[in-house]
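# Close look at the chain arrangement
Letter by letter, the chains look like this.
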Amino acid sequence: MTDETPSRHDRVRSHRTPGVANSLAHWTRARNPLRVALNYVVVWLVRISPSLRLKRWLLRRIGVTVGTGVSWGLEATPDVFWPDLITVEDHAIVGYDATLLCHEFLQEEYRTGEVVVGERAMIGAGAIVLPGVEIGAGASVAANSLVTRDVEPGATVAGVPARPMDAESLEDG
């Protein structure tokens, strides 16, 4: 995730929608409604199940790439429309009520982008990760953060929008 690495916006695909209605009004053209309904039911089960093994199995059924030993917290939510664009690598943690989004419905278009959570990375409770974001291996996202940019491997980010925390701010916090 150096200067040569594409930004989140470079990895997000734009899809124009016709007419004057906003893009969400056209969602049934973007994804099969039966697929979204099935995903919703599976996501609901993932959110309430206390079993990590069951969560990993269910997430894989809707297309999420789930590594070994992934811990998916209660109430955490994968994207319901495009769960197949999510990769959570080995031993990563997705905290309580965190949300991984792979789409954005806008006025005249919708956007999709992969979300990658690196090996042993940690996403805190209530955090939201936007489409196209890559969270590096061993990185940490603080609770209630909004992740709008990639997170370097081993870095800690916090806030809205999430920004890197330096050693001094960690001592103060």
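See above for the structure.
Here goes a summary of the coordinates provided.

Basis of the calculations
- Residues numbered from 1 in each chain as written.
- Predicted model: local features only at pLDDT ≥ 70, side-chain atom pairs only at ≥ 80, totals over all residues.
- Heavy atoms only, no water.
- Pairing = 2+ DSSP bridges.
- Helix = DSSP H or I, 4+ residues; strand = E, 2+ residues; numbered from the N terminus.
- Axes fitted to C-alpha atoms, helices over the stretch in contact; angles between N-to-C directions.
- Phe/Tyr/Trp six-rings, centres within 6.5 Å; stacked < 30°, edge-to-face > 60°.
- Buried < 20%, exposed > 50% of the residue type's maximum accessible area, 1.4 Å probe, protein only.
- Arc of directions from axis to C-beta.
- Contact = heavy atoms within 4.5 Å.
- Polar contact = N/O pair within 3.5 Å; in protein donor to acceptor, adjacent residues only side chain to side chain.

## Concerning the sheet that holds strand S9 (residues 109-112)
As summarised here, the arrangement of the 3 strands in space is S1-S9-S8, forming an open sheet in which the pairing is antiparallel. In this open sheet, the two edge strands, each paired with only one partner strand, are strand S1 (13-16) and strand S8 (103-105). Across the sheet, the mean angle separating the axes of adjacent strands is 20° when strand polarity is ignored. Pairing of S1 with S9 involves 4 bridges; the strand directions are antiparallel. Across the sheet, the residue bridging to Arg16 is Glu109, located in S9.

## Digging into the packing of aromatic side chains
Tallied over the full model, the rule gives 6 aromatic pairs. In this structure an aromatic cluster arises from ring pairing among Trp27, Phe81, Trp82, Phe105 and Tyr110.

## Some words on helix H4 (residues 52-61)
Along H4, the residues classified as buried are Lys55, Arg56, Leu58 and Leu59. Take H4 and look down its axis: the buried residues cluster within an arc of 170°, on one side only. Those residues of H4 hidden inside the fold are in contact with helix H3 (33-48), strand S2 (65-66), strand S3 (71-72) and strand S4 (77-78). Where H4 ends, the next residue or the one after it, Gly63, has phi of about 105°, a positive value.

## So, unusual backbone geometry
Of note, the bond from Val160 into Pro161 is cis; its omega dihedral lies within 30 degrees of zero at -5°. Positionally, Pro161 belongs in the loop between strand S16 (156-158) and strand S17 (163-164). Phi is positive for Asp97, close to 60°, though the residue is something other than glycine. Despite not being glycine, Arg120 has its phi angle at roughly 60°, a positive value. In this fold, Arg120 is placed in the loop between strand S10 (115-117) and strand S11 (122-123).

## As for the side chain of Thr77
With respect to the helices, strands and loops of the structure, Thr77 is situated in strand S4. Thr77 sits in the buried class, given a relative accessible area of 16%. In this structure the side chain of Thr77 is engaged in a polar contact, spanning 2.3 Å, whose partner is the side chain of Arg47. A polar contact is formed between the side chain of Thr77 and the backbone oxygen of Glu75, at a distance of 3.3 Å. Among residues more than four places away in sequence, those in contact with Thr77 are Val43, Arg47, Trp72, Ala98, Thr99 and Leu100.

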